[in-house]
Amino acid sequence: MRKITITQDTGGVQEDGSWLDLERIASVEISSEDPNFPIEHALGKASTRGWRAAAPGPQKIRLLFDAPQTIRRIQLHFVDRVSERSQEFWLLALVGDELRDVVRQQWNFSPNGTTEELEDYKVELNGVTALELRIDPDRSHDPKQSQHVATLERLRLA
């Protein structure tokens, strides 16, 4: 996997039965990463412990495709078994010169109840050159005081 760290400022089933091989067809830009939970863990084909940000606060994960892609399915899996928090994610696709909203959703995690969020979207996106996932891990607190860290168990595309 090719990685590019950026600053804060700046697999679903395909017709042939497989998820896109993101490690082979894309580079990834990330705002931060915990060395024990690298982005490859969330984007690879094998099941792992996922990705985790290195610090609290909003994060970005941007996939830059080597060639324009057709995307028909997007699956996002978030897990937090420890924190009580309200998270928001926003998924955008770059098609030509236009950055399009794909989905924006909030979710409440609770260690005594809801510890996982699995979203599976059927979409019609043609000519996608980049896909950006923005995660705000704590919508209920002041981002400057939040101690919650963004996580992503898995991101798959078909």
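All of these numbers come straight from a predicted model, not from anything done at the bench.

Cut-offs and rules
- Residues numbered from 1 in each chain as written.
- Predicted model: local features only at pLDDT ≥ 70, side-chain atom pairs only at ≥ 80, totals over all residues.
- Heavy atoms only, no water.
- Helix = DSSP H or I, 4+ residues; strand = E, 2+ residues; numbered from the N terminus.
- Buried < 20%, exposed > 50% of the residue type's maximum accessible area, 1.4 Å probe, protein only.
- Areas by Shrake-Rupley, 256 points an atom, 1.4 Å probe, with all protein chains shown as cover.
- Polar contact = N/O pair within 3.5 Å; in protein donor to acceptor, adjacent residues only side chain to side chain.
- 1 Å grid on protein atoms, 1.4 Å probe; cavity = no way out; pocket = protein on both sides within 12 Å on 5 of 7 lines; lining within 4 Å.
- Points joined across faces, edges and corners; volume = space filled by probe spheres on them.
- Nonpolar A, V, L, I, M, F, W, Y, C, P; charged D, E, K, R; others polar.
- Phe/Tyr/Trp six-rings, centres within 6.5 Å; stacked < 30°, edge-to-face > 60°.
- Lys NZ or Arg CZ within 6 Å of the ring centre and 35° of its normal.
- Salt bridge = Lys/Arg side-chain N within 4 Å of Asp/Glu carboxyl O.
- Pairing = 2+ DSSP bridges.
- pLDDT = per-residue confidence, 0-100.
- Contact = heavy atoms within 4.5 Å.

1. Section: the overall build of the protein
Right, so step 1: When helices and strands are counted, the protein shows 2 helices and 9 strands.
Right, so step 2: When each of the 158 residues of the protein is scored for burial, the buried share is 50%.
Right, so step 3: Of the roughly 8100 Å² that the protein leaves accessible, carbon and sulfur atoms contribute 46%.

2. Some points on the side chain of H148
Right, so step 1: Counting through the fold element by element, H148 comes out in the loop between β7 (116-136) and β8 (151-152).
Right, so step 2: Assessed through its relative accessible area of 18%, H148 is described here as buried.
Right, so step 3: Within polar-contact distance, the side chain of H148 engages the side chain of S83 at 3.4 Å.

3. So, the layout of surface pockets
Right, so step 1: A volume near 270 Å³ is recorded for the largest pocket.
Right, so step 2: Lining the largest pocket are 17 residues, with R52, V79, D80, R81 and T151 sitting closest to its centre.
Right, so step 3: Here the residues of the lining of the largest pocket sort into 6 nonpolar, 5 polar and 6 charged.

4. Structural notes on the packing of aromatic side chains
Right, so step 1: For the structure on display, the rule yields 1 aromatic pair.
Right, so step 2: Over the ring of F37 we find R52, and its NZ or CZ is 3.9 Å from the ring centre.
Right, so step 3: Positioned over the ring face of W90 is R134, at 4.7 Å from the centre of the ring.

5. Notes on the pattern of salt bridges
Right, so step 1: Evaluation of the coordinates by the stated rule reveals 12 salt bridges.
Right, so step 2: The shortest N-O distance in the salt bridge between E29 and R62 comes to 2.3 Å. Of the two residues, E29 is situated in strand β2 (residues 26-30) and R62 in strand β4 (residues 59-79); the sequence distance between them amounts to 33 residues. In this pair, the class of E29 matches that of R62, namely buried.
Right, so step 3: As a salt-bridge pair, E88 and R104 come within 3.2 Å of each other at their nearest N and O atoms. Linking E88 in strand β5 (residues 85-95) with R104 in strand β6 (residues 98-109), this pair joins segments that are 16 residues apart in sequence.

6. A few points about the pairing of β7
Right, so step 1: In terms of strand pairing, β4 meets β7 through 15 bridges, oriented antiparallel. The residue of β7 that forms the bridge with F78 is E117.

7. What about the confidence of the model for the protein?
Atom-level detail of predicted coordinates should not be read off regions where pLDDT is low.
Right, so step 1: Summing up the model confidence of the protein, the mean pLDDT is 88 and the portion of residues at 70 or higher is 87%.
Right, so step 2: Contacts of residues 7-16 to residues separated by more than four positions or lying in other chains number 21 contacts, the stretch itself having pLDDT below 50.

8. A few points about the environment of F78
Right, so step 1: Along the chain, F78 falls in strand β4.
Right, so step 2: The class for F78 is buried, based on a relative accessible area of 0%.
Right, so step 3: The sequence separation of F78 and W107 amounts to 29 residues, and the corresponding C-alpha distance is 9.8 Å.
Right, so step 4: Excluding residues that lie within four positions of it along the chain, F78 makes contacts with Q87, F89, F109, T115, E116, E117, I135, T151, L152 and E153.

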